[in-house]
Amino acid sequence: MFKNYLFYLLPLSIVTLSTLSSCKKVFEEDNYVAYFGGEIVNPQNNFILFLKDNEVIDTIYLDSKNRFLHKFDSLAPGLYTFKHLPEYQYVYFDKNDSLMVRLNTHDFDNSIAFCGRGDEKNNYLIESYLKNEKDRSYLYDILDEDVEVFVQKIDSSFQLRQKDYNKNKSEIQWSESFDKVAIAELNCNYFYKKELYPYVHQYRTGEKIQKLLPDNFYDYRKNIDFNNSELTNYSPFIKFVNAMLNNITHATNEGVYNEMSLENNIHKLNIADTLIKNSQTKNVILNNIAYMYLLEDQNMFKNKKFIDRYLELSTDKKQQEEVSKISNAIQNLKAGSSIPNIKLITTNNEVVTIKSTINNKETIVFFWTSHAESHLKAVHQKVIELKKEFPNLNFVAVNINDTNENWIKSLNKHNLQKQTPFVTQLKATDFEVIKRDWVITKVHRAMILNPDGTIKNAFVNLFDLNFKNHLEKK
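Rules of the game
- Residues numbered from 1 in each chain as written.
- Predicted model: local features only at pLDDT ≥ 70, side-chain atom pairs only at ≥ 80, totals over all residues.
- Heavy atoms only, no water.
- Helix = DSSP H or I, 4+ residues; strand = E, 2+ residues; numbered from the N terminus.
- Rg over C-alpha atoms; globule rule 2.2 N^0.38 Å.
- Buried < 20%, exposed > 50% of the residue type's maximum accessible area, 1.4 Å probe, protein only.
- Contact = heavy atoms within 4.5 Å.
- Pairing = 2+ DSSP bridges.
- Axes fitted to C-alpha atoms, helices over the stretch in contact; angles between N-to-C directions.
- Parallel < 35°, antiparallel > 145°, perpendicular 65-115°, else oblique.
- Nonpolar A, V, L, I, M, F, W, Y, C, P; charged D, E, K, R; others polar.
- Salt bridge = Lys/Arg side-chain N within 4 Å of Asp/Glu carboxyl O.
- Phe/Tyr/Trp six-rings, centres within 6.5 Å; stacked < 30°, edge-to-face > 60°.
- Lys NZ or Arg CZ within 6 Å of the ring centre and 35° of its normal.
- Expected span 1.5 Å × (residues − 1).
- Core = buried A, V, L, I, M, F, W, Y, C linked by side-chain atoms within 4.5 Å.
- Polar contact = N/O pair within 3.5 Å; in protein donor to acceptor, adjacent residues only side chain to side chain.

Novice: For the overall build of the protein chain, give the residues involved together with the corresponding values.
Specialist: Per the secondary structure count, the protein chain includes 16 helices and 15 strands. Relative to the globule expectation of 23 Å for 474 residues, the C-alpha radius of gyration of the protein chain, 24 Å, shows essentially globular dimensions. Among the 474 residues that make up the protein chain, the fraction classed as buried is 52%. Looking at the protein chain alone, contacts between residues at least 24 apart form 67% of all its contacts between residues at least 6 apart.

Take a look at the structure:
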């Protein structure tokens, strides 16, 4: 589909074009020049961030046709991230790669296609990611199964993926360094399922399955390099390690496992400290544990105890400051407090605050974005159901990170104002501010406000089975 993409995408000089399109170009041994370019369809802003290990290397601006091209005078081989906020994806550069990417923000991951020198391995990486995401959507269907059936199903799926990996490795003949990332993409999804199974199975079925697992069930743990710095910020690896820490902590609990208890999260910090020696990787894992815990437990005393231990183990001063900021922001959202004021706009482009929309009623504030369309539909359907059962409730929807144009387009496309006329539709004027002051780190979050505008519960999920217990009876 993108065979001739390089030849019409950008007005390049003949020299640059030959650099991008020719795989036979001979480079000097010490030449690490690389190019990254492409086109963003339906851009959300006018720039792309290019990062290594979560640190921004360059900000690359789009031209008037939403295209970009950037020359790196020296780019070390490795795994990088490109962000077009709020979305991101990975890209791998070998020496002298020259990559072009085309994507549509309305279907970010599914629309990504690479071409140019180094395209094949990157297209394999994104295709593998999409297969893993699709595979994960079926995962919860098999977590209730007994051990034999569960193992048979995940092993069968893994063998197919392994066959695909071997085929692509042979055909593309990628570098040894890229192979480490490709293997991680393959294995971590499989390992993640195994780590998830025991504690999720018990939570969903009540059956303690740990003692029924085959003796070799966790053999792969012996061969994991937890100190591989190339995977420090690679999400499949981080997701697997977090699931493993949960599983190990679960295995030491005699009673019902509470993933978000203070004791279990301090235990996870201690396990990570023992298990991982690479300070960079360890800090990423510690930070992940901290963010997850602080967003779930708003008890000030417990938070202090947790943070004290986190600060003893973390050596990342920058992230320590971020975790402390989140902890302080969470305290500002405790029950009985006034909700921090942030600027919001109406569909008529009027600036308002959340307090002006409460109307002396108990109010549910929920969030959405056009980048998560399935959630967008589901959450508005959910509030329709809640309004029928709790007619006195007030509802406010806040779009968190679309452009004004895309926000209005989404409202019209999904007919939201007609389907949910009782919902006040607002948009955040600054994503970073709402993320900081209201601690919005996931779109599924919701808040309940009292009729006087104070906070009743700032950390709820409309899809939680026990959500209705938080509401006043009609």
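Novice: Report on the sheet that holds strand β2 (residues 47–52), specifying residues and quantitative values.
Specialist: Strands sit in the order β3-β2-β5-β6 across an open sheet of four strands; the sheet is antiparallel. Across the chains shown, the open sheet's two edge strands, defined by having one partner strand only, are β3 (55–61) and β6 (87–93). The mean inter-strand angle of the sheet, taken between neighbouring strand axes irrespective of direction, is 25°. Packing against the sheet, helix α4 (residues 119–137) makes contact with β5 (78–84) and β6, and its axis sits at approximately 140° to β6.

Novice: Tell me about the packing of α4 against helix α7 (residues 176–205), and please be specific about residues and values.
Specialist: Following both chains from N to C, one finds α4 and α7 inclined at 5°, their axes separated by 11 Å at the closest point. The angle between α4 and α7 falls in the class roughly parallel. Residue-level contacts link K121, Y124, L125, S128, Y129, N132, D135 and R136 of α4 to F178, V181, A182, E185, N189, Y192 and K193 of α7. Of the residues that constitute the contact of α4 with α7, the class distribution is seven nonpolar, three polar and five charged.

Novice: Pulling in residues and values, what's your account of the sheet that holds strand β11 (residues 363–368)?
Specialist: With mixed pairing, the seven strands of this open sheet are ordered in space as β10-β9-β13-β12-β11-β14-β15. In the strand order of this sheet, the two ends are held by β10 (351–352) and β15 (455–461), each with one partner. Where β11 meets strand β12 (residues 394–399), six bridges bridge the pair, whose relative direction is parallel. Residue I364 lies in a different strand from β12, and its bridge partner there is F395.

Novice: Which residues make up the pattern of salt bridges, and what are the values?
Specialist: Scanning all chains against the criterion turns up 24 salt bridges. Between K121 and D94 there is a salt bridge, with its nearest N and O atoms 3.2 Å apart. Placement of K121 in helix α4 and of D94 in the loop between β6 and β7 (98–104) is noted, with a sequence separation of 27 residues between them. For K121, a relative accessible area of 5% puts it in the buried group. The partner of E171 in a salt bridge is K167, with the nearest N and O atoms 3.3 Å apart. Here E171 pairs with K167, and both are found in helix α6 (residues 147–172), just four residues apart, close to one helical turn. We classify E171 as exposed; its relative accessible area is 52%. You can call K167 partly exposed: its relative accessible area is 47%. Three or more residues joined by partner-sharing salt bridges are found here, namely D94, D97 and K121.

Novice: Please give an account of the packing of aromatic side chains that cites residues and values.
Specialist: Note on aromatic pairs: each is described by the distance of the centres and the angle between the planes. Per the stated rule, a full pass over the model turns up 26 aromatic pairs. Aromatic pair F36 and F93: ring centres 5.9 Å apart, planes at 85°, arrangement edge-to-face. One end of the pair, F36, is in strand β1 (residues 34–41); the other, F93, is in strand β6, with 57 residues separating them in the sequence. Comparing F36 with F93 shows no difference in burial state: the two are buried. Ring centres of Y218 and Y220 lie 6.5 Å apart, and the angle between their planes is 65°; this geometry places the pair in the edge-to-face category. Residue Y218 shares its accessibility class with Y220, and that shared class is buried. Among the aromatic residues, those joined into a cluster by ring pairs are F36, F50, F68, F72, Y80, F82 and F93. Above the face of the Y218 ring, R221 is positioned so that its terminal group lies 3.9 Å from the ring centre.

Novice: I'd love a proper account of helix α8 (residues 235–251), names of residues and values included.
Specialist: Each α-helix winds once per 3.6 residues, and so residues spaced three or four apart point in a common direction. End to end, α8 covers 24 Å across 17 residues, agreeing with the expected 24 Å (1.5 Å per residue, within 8%). In terms of residue burial, α8 counts as a mostly covered element, since 13 of its 17 residues are buried.

Novice: An account of the nonpolar core is requested, with residue identities and associated values reported.
Specialist: Generally speaking, nonpolar side chains in soluble globular proteins are found buried as a group. Among the nonpolar cores identified, the biggest contains 91 residues, and F240, F306 and W438 are the most heavily contacted of them. Looking at which element gives the most residues to this core, the answer is α7, with 13 residues. Counting 22 residues, the second-largest nonpolar core is a separate cluster that includes I345, L376, W407 and I448.

Novice: Tell me what's going on with helix α12 (residues 317–331), and back it up with residues and numbers.
Specialist: Helix length check: α12 (15 residues) gives 21 Å between terminal C-alpha atoms against 21 Å at 1.5 Å per residue, within 8%. For α12, the N-terminal cap is D316; the gap from its side-chain oxygen to the backbone nitrogen of K318 is 3.2 Å.

Novice: Let's hear about the environment of K305: which residues, and what values?
Specialist: Relative to the elements of secondary structure, K305 occurs in helix α11 (residues 300–313). The exposure class of K305 is partly exposed, given its relative accessible area of 46%. Taking the C-alpha atoms as reference, K305 lies 9.9 Å from E263; in sequence the two are 42 residues apart.

Novice: Describe the pairing of β5, listing the residues and the values that go with them.
Specialist: Successive side chains on a regular strand alternate, one facing one side of the sheet and the next facing the other. The element β5 is largely enclosed, with a buried count of six among its seven residues. Examined bridge by bridge, β5 and β6 share seven bridges and lie antiparallel to one another. Residue L79 lies in a different strand from β6, and its bridge partner there is Y92. Connecting β5 to the next strand, β6, in antiparallel fashion are two residues.

Novice: Please set out the environment of R436 residue by residue, giving values where relevant.
Specialist: In this structure, R436 sits in helix α16 (residues 431–437). Along the backbone, R436 and V147 are 289 residues apart, and their C-alpha atoms lie at a distance of 43 Å.

Novice: Break down unusual backbone geometry for me, with residues and values.
Specialist: Here the phi dihedral of Q173 falls at roughly 55°; this positive angle occurs in a residue that is not glycine. With phi around 65°, N349 is a residue other than glycine that occupies positive phi space. The residue N349 is located in the loop between β9 (344–345) and β10 in this model. When its relative accessible area of 54% is taken as the criterion, N349 is described as exposed.

Don't take any of this as a statement about function, it's just geometry.
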